[in-house]
Amino acid sequence: MERLAVGLAALGAAIIVVQTLWISYGVFVRYVLGKPDGTVTEATAMLLFPAAFLGLAFALKENAYPKVSFLMDALGPRARRALEAFNLLLMLVVGVFFSIAAANATYRAFDSGSASEILLWPRYLFWLPGTLALFLFTLYAGVRFLAVVFSTSASHSRH
């Protein structure tokens, strides 16, 4: 699961590189050649959804979400574990909600056969990577939650 999280984060990074190059190309052709490219805006906008969610599981793996660390440091081991379990439960609930919404959008885009307005790319192809990333994040948050809840030691995680 952790390797898949790293792979999805790498895919998200690749999408960001593609977006950067495409936007740079768009600026060049607009201001240097004087011929704006009509596909740049739509393509980069459609790539935002998968790029936004592909790194979620990786951030959880690396314990990279913002935290109020002085509060965690001030708590005892049992209270720290309870707060961490509560935090993971919140992530799990939010992950389930967004996973259902993304899966619904992916299915509807596939079922309707809808495509982007200018590029005519199938919309479900943009929803699918984000949906898979949300499923992985939700599953991973659930695994981490169960690990915290059923851990017998105060130092249950690597981080």
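All figures in this text were calculated on a predicted structure; none of them were measured in a lab.

### Side note on the environment of leucine 75
Then comes step 1: Note that leucine 75 resides in the loop between helix 4 (69-74) and helix 5 (77-112).
Then comes step 2: Residues leucine 75 and alanine 141, spaced 66 residues apart in sequence, show a C-alpha to C-alpha distance of 22 Å.
Then comes step 3: Once residues within four sequence positions are removed from consideration, leucine 75 is found in contact with Arg80 and Leu83.

### Looking at the packing of aromatic side chains
Then comes step 1: For the structure shown, the criterion picks out eight aromatic pairs.
Then comes step 2: For the ring pair phenylalanine 53 and phenylalanine 98, a centre distance of 6.5 Å and an interplane angle of 40 degrees mean the geometry is tilted. On the criterion of sequence distance, the pair formed by phenylalanine 53 in helix 2 (residues 40-53) and phenylalanine 98 in helix 5 is long-range, its members being 45 residues apart.
Then comes step 3: Measuring from ring centre to ring centre gives 5.0 Å for phenylalanine 110 and tyrosine 124, while their planes differ by 90 degrees; the resulting arrangement is edge-to-face. Of this pair, phenylalanine 110 sits in helix 5 while tyrosine 124 sits in helix 6 (residues 124-149), and the two are 14 residues apart along the sequence.

### Some details on the side chain of threonine 131
Then comes step 1: Examined against the element boundaries, threonine 131 turns out to sit in helix 6.
Then comes step 2: Judged by relative accessible area, which is 4%, threonine 131 ranks as buried.
Then comes step 3: Aside from chain neighbours lying at most four places away, what touches threonine 131 is Phe49, Ala102, Ala103 and Thr106.

### Overview of helix 1 (residues 2-31)
Then comes step 1: Along its 30 residues, helix 1 runs 44 Å from first to last C-alpha, staying within 8% of the 44 Å computed at 1.5 Å per residue.
Then comes step 2: For helix 1, every residue scored as buried is listed here: Ala5, Leu8, Ala9, Gly12, Ile15, Gln19, Gly26 and Val29.
Then comes step 3: Turning to helix 1, the residues buried within the fold contact helix 2, helix 3 (56-61) and helix 6.

### Considerations on the nonpolar core
Then comes step 1: Judged by nonpolar contacts, the single largest core of 23 residues is most densely connected at Leu60, Leu88 and Met91.
Then comes step 2: Of all the secondary structure elements, the ones that give two or more residues to this core are helix 1, helix 2, helix 3, helix 5 and helix 6.
Then comes step 3: If you tally residues by element for this core, the top one is helix 6, at nine residues.

### Quick notes on the packing of helix 2 against helix 6
Then comes step 1: Relative orientation of the contacting elements helix 2 and helix 6 amounts to 15 degrees, with a least axis distance of 8 Å. Comparing their axes, helix 6 and helix 2 come out roughly parallel. Considering only the axes of helix 2 and helix 6, their crossing is left-handed. Contacts between helix 2 and helix 6 involve Met46, Leu47, Phe49, Pro50 and Phe53 on the former and, on the latter, Phe126, Trp127, Pro129, Gly130, Thr131, Ala133 and Leu134.

The rules behind each value
- Residues numbered from 1 in each chain as written.
- Predicted model: local features only at pLDDT ≥ 70, side-chain atom pairs only at ≥ 80, totals over all residues.
- Heavy atoms only, no water.
- Helix = DSSP H or I, 4+ residues; strand = E, 2+ residues; numbered from the N terminus.
- Contact = heavy atoms within 4.5 Å.
- Phe/Tyr/Trp six-rings, centres within 6.5 Å; stacked < 30°, edge-to-face > 60°.
- Buried < 20%, exposed > 50% of the residue type's maximum accessible area, 1.4 Å probe, protein only.
- Expected span 1.5 Å × (residues − 1).
- Core = buried A, V, L, I, M, F, W, Y, C linked by side-chain atoms within 4.5 Å.
- Axes fitted to C-alpha atoms, helices over the stretch in contact; angles between N-to-C directions.
- Parallel < 35°, antiparallel > 145°, perpendicular 65-115°, else oblique.
- Left-handed = near helix turned anticlockwise from the far one by under 90°.

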